[in-house]
Amino acid sequence: MIKEGASPLLDFKDLFDELSFLKKSSIKQYIPENFKEIYELLSRSPLSIDQIADKLDMDIPTLTTLLLEMEILGLVRKEGSIYTTL
């Protein structure tokens, strides 16, 4: 199959490189409405969950769920106790 133009997939990075619709930039082009406020806040500066909750007047359980969903989608990353956009 390689002779026919297939690319070898050695790890997950290779898979994401081949499947452009899975690339983070594609996901960032459309940010679901329920994530926009958090994403815009974090795009200005990395913050802890407590700081995000204070600035957005949001309860921690709801915010935790939203941030986890955003991590899964590749919109944010948690480094220690700080969240940042990708």
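Preceding block: the structure.
Okay, so let's go over this structure. (Residues numbered from 1 in each chain as written. Predicted model: local features only at pLDDT ≥ 70, side-chain atom pairs only at ≥ 80, totals over all residues. Heavy atoms only, no water.)

1. A look at the pairing of strand β2 (residues 76-79)
Regular strands place their side chains on alternate faces of the sheet.
Here is step 1 of the chain: Bridge analysis of β2 against strand β3 (residues 82-85) gives four bridges, and the strand direction is antiparallel. Following the sheet pairing, Lys-78 is matched in β3 by Tyr-83.
Here is step 2 of the chain: Adjacent in sequence and paired antiparallel, β2 and β3 are bridged by two residues, among which Gly-80 carries a positive phi angle near 70 degrees. (Pairing = 2+ DSSP bridges. Helix = DSSP H or I, 4+ residues; strand = E, 2+ residues; numbered from the N terminus.)

2. Topic: the packing of helix α3 (residues 33-44) against helix α4 (residues 49-56)
Here is step 1 of the chain: For the pair α3 and α4, the least separation of the axes is 11 Å and the interaxial angle reads 120 degrees. In this structure, α3 crosses over α4, and the sense of that crossing is right-handed. Between α3, through Glu-37, Ile-38, Leu-41 and Leu-42, and α4, the contact on the second element is made entirely by Ile-52, Lys-55 and Leu-56.
Here is step 2 of the chain: Grouping the amino acids of the contact of α3 with α4 by side-chain chemistry returns five nonpolar, no polar and two charged. (Axes fitted to C-alpha atoms, helices over the stretch in contact; angles between N-to-C directions. Left-handed = near helix turned anticlockwise from the far one by under 90°. Contact = heavy atoms within 4.5 Å. Nonpolar A, V, L, I, M, F, W, Y, C, P; charged D, E, K, R; others polar.)

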